[in-house]
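Chain residues, written in single-letter form:
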Amino acid sequence: MRALLAGALLSTLLLTSACPRRFDFGPNPADDAGELLAASRERLASPATLQGEAKLRFQLPQGRFGADHLVALAVPDRLRLDTLSFFGSPLAVLMVREGELLLWDIEGGRAYRGSATTELLATLLPVVLDPGEVVDLLLGRPPLELGAKLSLRLDHEARAYRVEVKGAAGVQRVWIDPELGTIRRYRHEPAAEGEDAWEVSYEDYRPVAGEGSGLLPWTIRYERAGTGLDWRWRSLEVDSADFDPAIFELALPPGIPTVPLGPDPAILLPPEVNE
């Protein structure tokens, strides 16, 4: 008898542990995928500029690299990253503006210049997106295919709404926090053969006041085919009155040789510091 009871109890425990508990989405859970995606966008801040300090960690086939960075970005597609040493001195500057990419290797005494294409930017940052998409990604706005087929389900295991977007670009899945209404995770599985799936996750949303008020993620993690970028803001100024657009007009010191970068340059690794 005891053996039978023990067996029944074990079966119950196994069955219970195998099935995720149903999450309470409230009395009136969302039922329209399009409206849910639109509402998640409306919850986000819409700044014109960001400036601050962030810790960036790169996961590459060659290993892990990490460093503190001074960051400036402007909508729609301007970006500047100043890599700092352990003691806070500048090691390198990466700048993207008006279709041009410039990398100044301060320690090496050399600069690299080329077109700000997705392919070239991906040799410097492990993110296979164009500059405008990178800026949007940091604002909590992963690219979504408009006009695609949408579906919505309650993901009890993830405790989130899961929207599926099926279109010509492939399948995109978006997990939306039922309380904050913001994107918690995004995964893109491309339709094109040979292209790798990638995903991004967001944490630590914080409110932003002012004209573009809303929420901004302070932690962003991007992963694709064994590579990744972990981005954590340390300090952040949003639409500061002191923001100087000239920060994107980097003038190299006299005598710095500039190497043109073609469509398929050798991969330039970030400095291995602070890891």
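Bear in mind that the values here come from a model prediction, so they are computed numbers and not experimental data. (Residues numbered from 1 in each chain as written. Predicted model: local features only at pLDDT ≥ 70, side-chain atom pairs only at ≥ 80, totals over all residues. Heavy atoms only, no water.)

1. Digging into the overall build of the protein
Item 1. On a plain count of helices and strands, the protein comes out with four helices and 14 strands.
Item 2. By residue count, 43% of the 275 residues in the protein fall in the buried class. (Helix = DSSP H or I, 4+ residues; strand = E, 2+ residues; numbered from the N terminus. Buried < 20%, exposed > 50% of the residue type's maximum accessible area, 1.4 Å probe, protein only.)

2. Concerning the side chain of Arg80
Item 1. Its place among the elements puts Arg80 in strand β3 (residues 78-84).
Item 2. A distance of 2.8 Å separates the side chain of Arg80 from the side chain of Asp82, its partner in a polar contact.
Item 3. Among all residues touching Arg80, those that are not within four sequence positions of it are Leu70, Val71, Ala72, Val93, Leu94, Met95, Ile247, Phe248 and Leu250. (Polar contact = N/O pair within 3.5 Å; in protein donor to acceptor, adjacent residues only side chain to side chain. Contact = heavy atoms within 4.5 Å.)

3. Quick look at the environment of Ala54
Item 1. Tracing the backbone through its elements, the reader meets Ala54 in strand β1 (residues 49-60).
Item 2. A sequence separation of 13 residues divides Ala54 from Ala67, and the C-alpha atoms of the two residues are 8.6 Å apart.
Item 3. Contact partners of Ala54, with chain neighbours within four places excluded, come to Ala67, Asp68, His69, Val71, Trp231, Arg232, Trp233 and Arg234.

4. A word on the side chain of His69
Item 1. By secondary structure assignment, the location of His69 is in strand β2 (residues 63-74).
Item 2. A distance of 3.1 Å separates the side chain of His69 from the backbone oxygen of Ala67, its partner in a polar contact.
Item 3. A polar contact is formed between the side chain of His69 and the side chain of Thr83, at a distance of 3.0 Å.
Item 4. Leave out the neighbours within four places in its chain, and His69 touches Gly52, Glu53, Ala54, Leu56, Phe58, Leu81, Asp82 and Thr83.

5. Quick word on the pairing of strand β10 (residues 183-190)
Item 1. The pairing of strand β9 (residues 170-176) with β10 spans seven bridges and is classified as antiparallel. Across the sheet, residue Val174 finds its bridge partner in β10, namely Tyr186.
Item 2. Connecting β9 to the antiparallel partner β10 that follows it, the hairpin turn spans six residues, and Gly181 within it adopts a positive phi of roughly 80°.
Item 3. Pairing between β10 and strand β11 (residues 198-208): four bridges, direction antiparallel. Bridge pairing in β11 links His188 to Trp198. (Pairing = 2+ DSSP bridges.)

6. Thoughts on the pattern of salt bridges
Item 1. Using the criterion set out here, one finds 17 salt bridges in the structure.
Item 2. For Glu189, the salt bridge is made with Arg187, and the minimal N-O distance between the two is 3.0 Å.
Item 3. When salt bridges with common partners are traced through the structure, they connect Glu164, Lys166, Arg173, Arg185, Arg187, Glu189 and Glu199 into a single cluster. (Salt bridge = Lys/Arg side-chain N within 4 Å of Asp/Glu carboxyl O.)

7. Focus on the nonpolar core
Item 1. Residues Leu81, Leu101, Val163, Ile176, Trp231 and Trp233 are the most contacted members of the largest nonpolar core, which totals 56 residues.
Item 2. Ala74, Val93, Met95 and Leu102 belong to the second largest nonpolar core, which has nine residues in total. (Core = buried A, V, L, I, M, F, W, Y, C linked by side-chain atoms within 4.5 Å.)

8. Here's the deal with the packing of aromatic side chains
Item 1. Taken as a whole, this structure holds seven aromatic pairs when the rule is applied.
Item 2. Here Tyr186 and Trp198 contribute two aromatic rings whose centre-to-centre distance is 5.2 Å and whose plane-to-plane angle is 50°, an arrangement assigned as tilted. In this pair, Tyr186 is assigned in strand β10 and Trp198 in strand β11, connecting sequence segments twelve residues apart.
Item 3. For Tyr186, a relative accessible area of 0% corresponds to the buried category.
Item 4. Judged by relative accessible area, which is 5%, Trp198 ranks as buried. (Phe/Tyr/Trp six-rings, centres within 6.5 Å; stacked < 30°, edge-to-face > 60°.)

9. Looking at helix α4 (residues 131-138)
Note on helix geometry: an α-helix contains 3.6 residues per turn, so any two residues three or four positions apart are oriented the same way.
Item 1. With six of eight residues buried, α4 lies mostly within the body of the structure.
Item 2. Taken as a whole, α4 has its buried residues at Pro131, Gly132, Val134, Val135, Leu137 and Leu138.
Item 3. Sitting at the amino-terminal end of α4 is Asp130, which places a side-chain oxygen 3.1 Å from the backbone nitrogen of Gly132.

10. With respect to the confidence of the model for the protein
Item 1. Put simply, the protein has an average pLDDT of 88, and 88% of its residues get 70 or more.
Item 2. When the elements of the protein are averaged for pLDDT, helix α1 (residues 2-18) gives the smallest value, 48, and strand β12 (residues 214-224) the largest, 97.
Item 3. Counting contacts from residues 12-17, a segment whose pLDDT is below 50, to residues more than four positions away or on other chains yields zero contacts. (pLDDT = per-residue confidence, 0-100.)

11. Section: unusual backbone geometry
Item 1. Here the residue pair Val75 and Pro76 is connected by a cis peptide bond, since its omega of 10° sits within 30 degrees of zero.
Item 2. Examined against the element boundaries, Pro76 turns out to sit in the loop between β2 and β3.
Item 3. Located in the positive-phi region is Arg159, a residue other than glycine, with phi close to 55°.
Item 4. Within the fold, Arg159 resides in the loop between β7 (149-155) and β8 (160-167).

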